[in-house]
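Read off the chains here:
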2 protein chains.
Amino acid sequence: MEKADLTRAAIVHQALDIASHAGLEALSMGTLARAMKMSRSGIFAHFGSRLNLQLAVLQKYRCEFDKHVLQPSMHVRTGLSRLRSLFYYSVLAVRSRKFAGCLYLSCAAEYDNRPGPIRNELVDGVLRWRRAMELNVRQAIELDQLQADTDPEQLVFDMYALILALQHDTCLLEKTDSITRTKKAFERIIEQH
Amino acid sequence: MEKADLTRAAIVHQALDIASHAGLEALSMGTLARAMKMSRSGIFAHFGSRLNLQLAVLQKYRCEFDKHVLQPSMHVRTGLSRLRSLFYYSVLAVRSRKFAGCLYLSCAAEYDNRPGPIRNELVDGVLRWRRAMELNVRQAIELDQLQADTDPEQLVFDMYALILALQHDTCLLEKTDSITRTKKAFERIIEQH
């Protein structure tokens, strides 16, 4: 890795930390320059625009999300086992102190009314996550692990709702029992199907 | 109402519109002055600080939320009927085009890491909503409309999760079927209890 690449990686690392705690819109060249002890123009030289910086942060989060949620689940059998794995690794991602929750969820409201490349990248990340779960619901049906009349999109909607509520109740309401509630609700949903 | 009060009310009305679509943090005296065709100092004179302006917006939203969710439910019998009413009026609040969703939900991620009076006001608004639902779960249990072993906090957690998912899927993913999914999941949860 060349020195410029290393510096860029360090900036993105720091930027992801700021965005995780204060939101992607709170990220500015100025804030980042102060945190990195670099000049604004030094930061600018690596990205060319605030938009490119924000996109680099989301792409870095995508790598983190893959590493911590999608990839570990690939080692688990397809179908219900992998679905469970995706759910429980998502729960861990939401409980991550490093990112103060899941960036995909914390950015959702920030960008739902802001069309453009950031929103597109965010929607793409969320849809990959949802599709991975839907695929494994379908496989679980084929494997007779879930009932034949299970609606994959509905089941994933219900699961995703719990993940959203976990992030909301943990981060905003600081409820310590939200992880137990999330797991209980998930297991009941699976049992019904 | 005196002229100053009328102007203040008109500013808060406009500010709520901006905050609903762009977030409460995007609200600045400058943006608001442009939208109101007033001077920044003219806006400032009414509130004294950006924080007071943001709090006024949240208090205005609390009135709107009461008017559209809590108060209409007061006309319905306590217990399961009122619980249903609270849920379905919440669904309408989330689908509100006027506020581009529910402000309590869209502000949640914005403030979960920002301690202070805005976060306190937001948490207070959310907890009033949740408590109104919990109270009616308890009454529905007493009235034998829900099973005696129903956990009120768990049931409201499950309901709130659906409301969060409705806002997320409607606003970010633009899924037109999310309202049907929300209702279906809610009716199944109630049926189980």
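In what follows, the structure referred to is the one given above.
Residues numbered from 1 in each chain as written. Chains lettered and ligands numbered in written order. Predicted model: local features only at pLDDT ≥ 70, side-chain atom pairs only at ≥ 80, totals over all residues.

In this structure, what is going on with the overall build of chain A? I would like to understand it.
What chain A contains, in helices and strands, is nine helices and zero strands. Seen through its principal axes, chain A has C-alpha atoms that stretch 60 × 35 × 30 Å. Within chain A, the proportion of its 193 residues that are buried is 38%. (Helix = DSSP H or I, 4+ residues; strand = E, 2+ residues; numbered from the N terminus. Buried ≥ 20, exposed ≤ 12 C-beta atoms within 10 Å, placed from the backbone.)

Help me understand the interface of chain B and chain A, please; the structure alone is not making it clear to me.
In many reports, interface size means the accessible area that the parts give up when they come together. The interface is formed by 28 residues belonging to chain B together with 28 residues belonging to chain A. Those elements giving two or more residues to the side of chain B that touches chain A turn out to be helix H1 (3-22), helix H6 (103-111), helix H7 (117-142), helix H8 (152-171) and helix H9 (178-192) of chain B. Here the element with the most residues in the side of chain B that touches chain A is H8 of chain B; it accounts for 10 residues. (Contact = placed C-beta atoms within 7 Å.)

Honestly, the relation of the copies chain B and chain A in this entry has me stumped. Any pointers?
Note: a rotation about an axis with an accompanying shift along it relates these two copies of the chain. Note on the identical chains: chain B maps onto chain A by a rotation of 180 degrees and an axial translation of 0.0 Å, with an RMSD of 0.0 Å. Taken together, the turn and the small shift mark the pair as related by a two-fold rotation axis. Considering only C-alpha atoms, the residue of chain B closest to the rotation axis is Ala161 of chain B, which sits at 2.4 Å. Residue by residue, 100% of the interface of chain B is reproduced at the interface of chain A, so both copies engage with the same surface. (Least-squares fit on C-alpha atoms with pLDDT ≥ 70 in both.)

Looking at this structure, I do not really get unusual backbone geometry. What am I missing?
For residues that are not glycine, phi is negative in most cases, and the peptide bond is trans in most cases. Residue and element names in this part refer to chain A. Unlike most non-glycine residues, Lys37 shows phi in positive territory, near 55 degrees. Along the chain, the position of Lys37 falls in the loop between helix H2 (29-36) and helix H3 (40-47). Its identity as a non-glycine residue notwithstanding, Glu174 has a phi of 50 degrees, on the positive side. With respect to the helices and strands, the residue Glu174 is situated in the loop between helix H8 (152-171) and helix H9 (178-192).

Help me understand the nonpolar core in this model?
One recurring pattern in soluble globular proteins is that nonpolar side chains are buried together. Formed by 104 residues in total, the largest nonpolar core has its most connected members in Ala161 of chain A together with Ala161 of chain B. Sequence-distant contacts of Ala161 of chain B, defined by excluding residues within four places in its chain, comprise Ala161, Leu162, Leu164 and Ala165 of chain A. (Core = buried A, V, L, I, M, F, W, Y, C linked by C-beta atoms within 7 Å.)

Just to check I follow, could you spell out the packing of helix H5 (residues 80-94) of chain A against helix H7 (residues 117-142) of chain A for this structure?
Relative placement of two packed helices is described by the angle separating their axes and the distance separating the axes. All names here are of chain A. One way to put it is that H5 packs onto H7 with a least axis distance of 8 Å and a crossing angle of 155 degrees. On the basis of the axis angle, H5 is roughly antiparallel to H7. By crossing handedness, the relation of H5 to H7 is classed as left-handed. Across the interface between the two elements, Leu80, Arg82, Leu83 and Leu86 from H5 touch Ala132, Met133, Asn136, Val137 and Ala140 from H7. (Axes fitted to C-alpha atoms, helices over the stretch in contact; angles between N-to-C directions. Parallel < 35°, antiparallel > 145°, perpendicular 65-115°, else oblique. Left-handed = near helix turned anticlockwise from the far one by under 90°.)

Is there a simple way to think about H1 of chain B in this case?
Owing to its 3.6 residues per turn, the α-helix aligns residues three or four sequence positions apart on the same side. Residues and elements named next belong to chain B. Look at H1: 28 Å from first C-alpha to last across 20 residues, which is about the 28 Å you get at 1.5 Å a residue. For H1, the full list of buried residues reads Ile11, Val12, Ala15, Leu16, Ala19 and Ser20. Mapping the buried residues of H1 onto a view down its axis gives an arc of 170 degrees, with all of them on the same face. Residues of H1 that are exposed and point over 90 degrees away from its buried face: Lys3, Leu6 and His13. Close packing links the buried residues of H1 with helix H2 (29-36), helix H3 (40-47), helix H4 (50-74) and H6. Note on H1: the residue one or two positions beyond its end, Gly23, has a positive phi of about 100 degrees. (Expected span 1.5 Å × (residues − 1). Arc of directions from axis to C-beta.)

Explain the packing of H6 of chain B against H7 of chain B here, please?
All names here are of chain B. Taken N-terminus to C-terminus, the directions of H6 and H7 make an angle of 140 degrees; their axes are 10 Å apart at the nearest point. Here H6 is positioned oblique relative to H7, judged by the angle of their axes. Here H6 and H7 pass one another in a crossing that is left-handed. Listed contacts from H7 to Tyr104, Cys107 and Tyr111 of H6 are Ile118, Arg119, Leu122, Gly125 and Val126. Considered class by class, the residues forming the contact of H6 with H7 number six nonpolar, one polar and one charged. (Nonpolar A, V, L, I, M, F, W, Y, C, P; charged D, E, K, R; others polar.)

What's the story with the environment of Phe44 of chain B in this structure? I'm lost.
Residues and elements named next belong to chain B. By the secondary structure assignment, Phe44 is in helix H3. By the C-beta count within 10 Å, which is 17 here, Phe44 ends up partly exposed. Taking the C-alpha atoms as reference points, Phe44 and Glu121, separated by 77 residues in sequence, lie 21 Å from one another.

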